[in-house]
Amino acid sequence: MKSFFFIFFLFTFSITFSQSSSKNDSIIYLDEVIVNANNNFSNIKTILTKGKQNISFSMRNKGIIISMVENIPQGNINTLNFFFNNNKKRAYKDVEFRLIIYSVDINNMPEKEVFNDDFRFIIKNIDKGKISLDLRKLNLKNYDKLFIGLELLKNSDSQDFLIDCNSVKNNNTFIKMEGMGNWFQKQGSDLKTELIIQTR
């Protein structure tokens, strides 16, 4: 199976939000916690990225990568899952990311961020597999489609982390490196993501 290595990254913990104690600090870090599953499974829907996972993406320089998620059912987005560091033989490093979610304009381009707060999380070098972010406090509901992704906050080495992507013919993924004014479309793959929605 063909694999490509660019950069982004993972962990097997579920996460919730914890605000910094300083009122002047708008950064909100995500703490590692276990999120209990909702017992009412009839009201839970899972949206997966299209395509087949066979690519790992990484990047050296600070920047953003986002992929569009479509056909989101009406309801509250409770959980977002990313998938990282699938090569267990590599030595990864601790990496800090910012969660990025954009609305979608009429041309299927990134429009604007859907929240003003600076939500961050740190992936440890030992974290491998699925990362689950508890988004309930963001109150994300009734979006038909969104661009979802991550921002790498510090320059890194290409070996520091990997994020799983799915091969998709008609993909919709964009990258913006620090200092770039415009989005650059990444061809051939989307970030592998999973949305858990509490429907009505």
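Fair warning: this is a prediction, and the values are worked out from it, not measured in the lab. (Residues numbered from 1 in each chain as written. Predicted model: local features only at pLDDT ≥ 70, side-chain atom pairs only at ≥ 80, totals over all residues. Heavy atoms only, no water.)

S.K.: Got a minute to help me understand the environment of G188 in this structure?
M.R.: Summarising the element assignment, G188 is placed in the loop between β14 (184–186) and β15 (189–191). Taking the C-alpha atoms as reference points, G188 and S167, 21 residues apart in sequence, are found 5.8 Å from one another. Contacts of G188, omitting those with residues within four sequence positions, involve N166, S167, V168 and N171. (Helix = DSSP H or I, 4+ residues; strand = E, 2+ residues; numbered from the N terminus. Contact = heavy atoms within 4.5 Å.)

S.K.: Honestly, the nonpolar core in this entry has me stumped. Any pointers?
M.R.: Buried together is how nonpolar side chains tend to be arranged in soluble globular proteins. F82, L99, L135 and L195 are the most contacted members of the largest nonpolar core, which has 36 residues in total. Core analysis: the second largest hydrophobic core is formed by 9 residues, I66, I100, Y102 and V104 among them. (Core = buried A, V, L, I, M, F, W, Y, C linked by side-chain atoms within 4.5 Å. Buried < 20%, exposed > 50% of the residue type's maximum accessible area, 1.4 Å probe, protein only.)

S.K.: Honestly, the pattern of salt bridges in this entry has me stumped. Any pointers?
M.R.: Close approach of charged atoms allows side chains of opposite charge to pair. The full count for this structure, using the stated rule, is 8 salt bridges. The closest approach of N and O atoms between R120 and D118, which form a salt bridge, is 2.9 Å. Judged by relative accessible area, which is 16%, R120 ranks as buried. The class of D118 is buried, set by a relative accessible area of 13%. In this structure, K130 engages E194 in a salt bridge whose closest nitrogen and oxygen atoms are separated by 3.6 Å. (Salt bridge = Lys/Arg side-chain N within 4 Å of Asp/Glu carboxyl O.)

S.K.: Even after reading the chapter, I still don't get the pairing of strand β5 (residues 63–69), so can you show me in this structure?
M.R.: Remark: a regular strand shows side chains that alternate across the two faces of the sheet. Among the 7 residues in β5, 7 count as buried, and that is most of the element. The side-chain alternation of β5 yields two buried faces, one formed by G63, I65, S67 and V69 and the other by I64, I66 and M68. Two elements, β5 and strand β11 (residues 146–152), share 7 bridges in a ladder whose sense is antiparallel. Bridge pairing in β11 links I65 to L150. (Pairing = 2+ DSSP bridges.)

S.K.: Help me understand the side chain of S189, please; the structure alone is not making it clear to me.
M.R.: Relative to the elements of secondary structure, S189 occurs in strand β15. Judged by its relative accessible area of 2%, S189 is buried. Setting aside its immediate chain neighbours within four residues, S189 contacts I55, C165, N166, S167, V168, N171 and T173.

S.K.: How do you make sense of the environment of E178 when you look at a structure like this?
M.R.: Of note, E178 is situated in the loop between β13 (173–177) and β14. Here the alpha-carbon distance between E178 and L152, two residues 26 residues apart in the chain, equals 9.6 Å. Among residues more than four places away in sequence, those in contact with E178 are K62 and G63.

S.K.: Just checking my understanding: could you explain the pairing of strand β8 (residues 110–113) for this structure?
M.R.: With 2 bridges joining them, strand β7 (residues 95–104) and β8 adopt antiparallel strand pairing. Paired with Y102 across the two strands is E113, which belongs to β8. The hairpin turn running from β7 into β8, its antiparallel successor, is 5 residues long, and N108 in that turn takes a positive phi close to 60°.

S.K.: Which parts of the structure should I look at to understand unusual backbone geometry?
M.R.: Residues other than glycine predominantly adopt negative phi, and peptide bonds predominantly adopt the trans conformation. The residue N108 is not glycine, and still its phi comes out positive at about 60°. Topologically, N108 is positioned in the loop between β7 and β8.

S.K.: Help me understand the confidence of the model for the protein, please; the structure alone is not making it clear to me.
M.R.: Any residue range with low pLDDT should be treated as having predicted coordinates unsuitable for detailed reading. Counting all residues, the mean pLDDT for the protein is 78, and 77% of those residues have values of 70 or more. Low pLDDT, under 50, characterises residues 1–24; the stretch is placed with 119 contacts to residues that sit more than four places away or in other chains. Note on residues 32–39: pLDDT is under 50 here. Beyond four places in sequence and across chains, it has 16 contacts. (pLDDT = per-residue confidence, 0-100.)

S.K.: Where do I start with the packing of aromatic side chains in this structure?
M.R.: Each pair of aromatic rings is reported with the distance of its centres and the angle of its planes. Summed over all chains, the structure comprises 7 aromatic pairs. Look at Y102 and W183: their rings are 5.4 Å apart centre to centre, the planes differ by 90°, and that puts the pair in the edge-to-face class. One end of the pair, Y102, is in strand β7; the other, W183, is in the loop between β13 and β14, with 81 residues separating them in the sequence. You can call Y102 buried: its relative accessible area is 11%. Members of the aromatic cluster, connected to one another through ring pairs, are F82, F84, F97, F121 and F161. The ring of F83 carries K192 above its face, with NZ or CZ at 4.4 Å from the centroid. (Phe/Tyr/Trp six-rings, centres within 6.5 Å; stacked < 30°, edge-to-face > 60°. Lys NZ or Arg CZ within 6 Å of the ring centre and 35° of its normal.)

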